[in-house]
Amino acid sequence: MALWSSDTPCSCDCFVSVPPASAIPAVIFAKNSDRPRDEVQEVVFVPAGTHTPGSRLQCTYIEVEQVSKTHAVILSRPSWLWGAEMGANEHGVCIGNEAVWTKEPVGEGEALLGMDLLRCGPCPPSSCGHTRSLGLSTDPGYSLLQARLALERSSSAQEALHVITGLLEHYGQGGSCREDTTPFCYHNTFLLADRTEAWVLETAGRLWAAQRIQEGARNISNQLSIGTDISAEHPELRTHAQAQGWWGGQGTFDFAQVFSLTQQPVRMEAAKARFRAGQELLQQQQGGITAEVMMGILRNKESGICMDSGGFRTTASMVSILPRDPIQPCIHFLTATPDPSRSVFKPFIFGVGVAQAPQVLSPTFGAQDPVRTVPRFQTQVDRRHTLYRGHQEALGLMERDQDQGQQLQQKQQDLEQEGLEAVRGLLAGEWAPPPQELGGLFQAFVERESQAYA
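Parameters at a glance
- Residues numbered from 1 in each chain as written.
- Predicted model: local features only at pLDDT ≥ 70, side-chain atom pairs only at ≥ 80, totals over all residues.
- Heavy atoms only, no water.
- Salt bridge = Lys/Arg side-chain N within 4 Å of Asp/Glu carboxyl O.
- Helix = DSSP H or I, 4+ residues; strand = E, 2+ residues; numbered from the N terminus.
- Buried < 20%, exposed > 50% of the residue type's maximum accessible area, 1.4 Å probe, protein only.
- Expected span 1.5 Å × (residues − 1).
- Contact = heavy atoms within 4.5 Å.
- 1 Å grid on protein atoms, 1.4 Å probe; cavity = no way out; pocket = protein on both sides within 12 Å on 5 of 7 lines; lining within 4 Å.
- Points joined across faces, edges and corners; volume = space filled by probe spheres on them.
- Nonpolar A, V, L, I, M, F, W, Y, C, P; charged D, E, K, R; others polar.
- Polar contact = N/O pair within 3.5 Å; in protein donor to acceptor, adjacent residues only side chain to side chain.
- Phe/Tyr/Trp six-rings, centres within 6.5 Å; stacked < 30°, edge-to-face > 60°.
- Axes fitted to C-alpha atoms, helices over the stretch in contact; angles between N-to-C directions.
- Parallel < 35°, antiparallel > 145°, perpendicular 65-115°, else oblique.

Q: Just to check I follow, could you spell out the pattern of salt bridges for this structure?
A: Close approach of charged atoms allows side chains of opposite charge to pair. Taken as a whole, this structure holds 18 salt bridges when the rule is applied. A salt bridge links Glu42 to Arg77, with the nearest nitrogen and oxygen atoms 2.9 Å apart. Taken as a pair, Glu42 in strand 3 (residues 41-46) and Arg77 in strand 8 (residues 73-78) lie far apart in primary sequence, 35 residues in all. On the accessibility criterion, Arg77 (15% relative accessible area) is buried. Arg424 is the partner of Glu292 in a salt bridge, and the nearest nitrogen-oxygen pair spans 2.2 Å. Of this pair, Glu292 sits in helix 7 (residues 291-298) while Arg424 sits in helix 9 (residues 402-427); the two residues are 132 residues apart in sequence, bridging distant segments of the chain. Judged by relative accessible area, Glu292 falls into the partly exposed class, the value being 32%.

Q: How should helix 8 (residues 386-400) be read in this particular structure?
A: The periodicity of an α-helix, 3.6 residues per turn, causes residues three or four places apart in sequence to face the same way. Across its 15 residues, helix 8 extends 21 Å between first and last C-alpha, which sits within 8% of the 21 Å expected from 1.5 Å per residue. Within helix 8 the residues assigned to the buried category are Leu387, Tyr388, Gly390, His391, Ala394, Leu395, Gly396 and Met398. The secondary structure elements touched by the buried residues of helix 8 are strand 17 (312-323), strand 19 (346-348), helix 9 and helix 11 (441-453).

Q: Could you clarify how one ought to interpret the layout of surface pockets in this entry?
A: Gaps left between atoms show up when a probe the size of a water molecule is rolled over them. Of the pockets and cavities examined, the largest pocket occupies roughly 300 Å³. Lining the largest pocket we find 19 residues, and of these Arg77, Ser79, Trp80, Thr364 and Asp369 sit closest to its centre. Taken together, the residues that form the lining of the largest pocket break down as eight nonpolar, six polar and five charged.

Q: Mind showing me how you'd approach the side chain of Glu197 here?
A: By the element assignment, Glu197 lies in the loop between strand 11 (187-193) and strand 12 (198-204). A distance of 3.0 Å separates a polar atom in the side chain of Glu197 from a polar atom in the side chain of Trp199.

Q: It is not clear to me how the packing of aromatic side chains should be interpreted in this structure. Could you clarify?
A: Here the distance between the centres and the angle between the planes together describe a pair of aromatic rings. Going through the model one piece at a time under the given rule, you end up with eight aromatic pairs. Centroid distance Trp246 to Phe259: 5.4 Å. Interplanar angle 75°. Geometry classified as edge-to-face. Of this pair, Trp246 sits in the loop between helix 4 (237-243) and helix 5 (255-259) while Phe259 sits in helix 5, and the two are 13 residues apart along the sequence. Residue classification places Phe259 among the buried positions, given a relative accessible area of 0%. Judged by centre distance (6.1 Å) and plane angle (75°), the ring pair of Phe348 and Phe442 falls under edge-to-face. You can see Phe348 sitting in strand 19 and its partner Phe442 sitting in helix 11, a full 94 residues away along the chain. Taking the relative accessible area as the measure of exposure, Phe348 reaches 2% and is therefore buried. Residue classification places Phe442 among the buried residues on the basis of a relative accessible area of 6%.

Q: Please clarify how the packing of helix 9 against helix 11 should be interpreted in this entry.
A: Between two packed helices, both the angle of their axes relative to each other and the distance between the axes serve to describe the pair. Here helix 9 crosses helix 11 at 170°, and the two axes come no closer than 10 Å. One finds that helix 9 runs roughly antiparallel with respect to helix 11. On helix 11, the residues that touch Leu408, Gln412, Leu415, Glu418 and Gly419 of helix 9 are Phe445, Arg448, Glu449, Ala452 and Tyr453.

In structure tokens form, the structure reads like this:
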């Protein structure tokens, strides 16, 4: 199986700060999505909806059952697939996923991608027998809700965890995660956050372990990181490890130690260094972590967190502020462009008047899309959206002409600061715009960034 090679991207990074690590009474979430350098990532708004009972939903490769109601979501996703690398919903739930390789074999058979799991899928009653390990309700009515999307059907991080683990049990995970004829397959780790707490979920096939984060800062970086501090787990996790000869059955059970590959590939070793660097950067800011601090971490090139190497780079970034006060809105900053060190984090807020920003939506190709035709990925299509095209021209200018490049980068920084100041005023109660203006905030900043590149 061509599941991992020295060329495969192994460098996403997710971060979360839970009070008292945060400077304000809010959970702060952040992620860099590191993908093949020419892959376009779009930002997609999906409104809340109601659906016909018994209808089916097409994901990247397979169909799943639809549910009757779904929440509104904002997604940052590789434009060729259905799922997402990171996103948030109207209830303040944020999720980011990352690739991981373990002792469990990774199959090339098409199932749900980790990016689909982040966004999609029902949890049938037959697949949810493990819910007692999470301390969640096992009432049949709860299971019969058939939660469709980790984001679209979850109102808390813990509920999203329940959805994803149910999907793993029912459908499994699999399929190529790159728009290429050479299969690129992996298992997934997830960072899930809401207004009150965060969860780290790490998977190995259908097996999984989870750690609850109720205070402090945490990061994940393309490796198993849950050791003995396991808050919830698959009921067969330890018996499977023992049957495989990975664990003796007695004494301490360290999930990362038991399930990690004995011989780590070079790039997985690099992920360890990046993980430690992320820990140090968070530790340096303990008690003072803000959205700006997270943006600075995502822009850190020395650590490799802001990546541009070996044919891969940071293709999109996201930072979210999730206030403890339920009256205050959650704010999500998204770039929709590669290289956060030369991109603008633009604020998005759910509310009245929110609509899709067309400048960050990639063109579609219907039934002729290379991901839809079999065999897949035999041809290439141009998926660049309007903002991506303008941003690429801006990057070229920055590299060709130092003076003009500096002026353009200053415009980026000024625009981002304007958004951050508006958000600070909003959270402090100093700025109270009409709901329609809040709903159009992201669109307004996208338009202004596009004008700067024109």
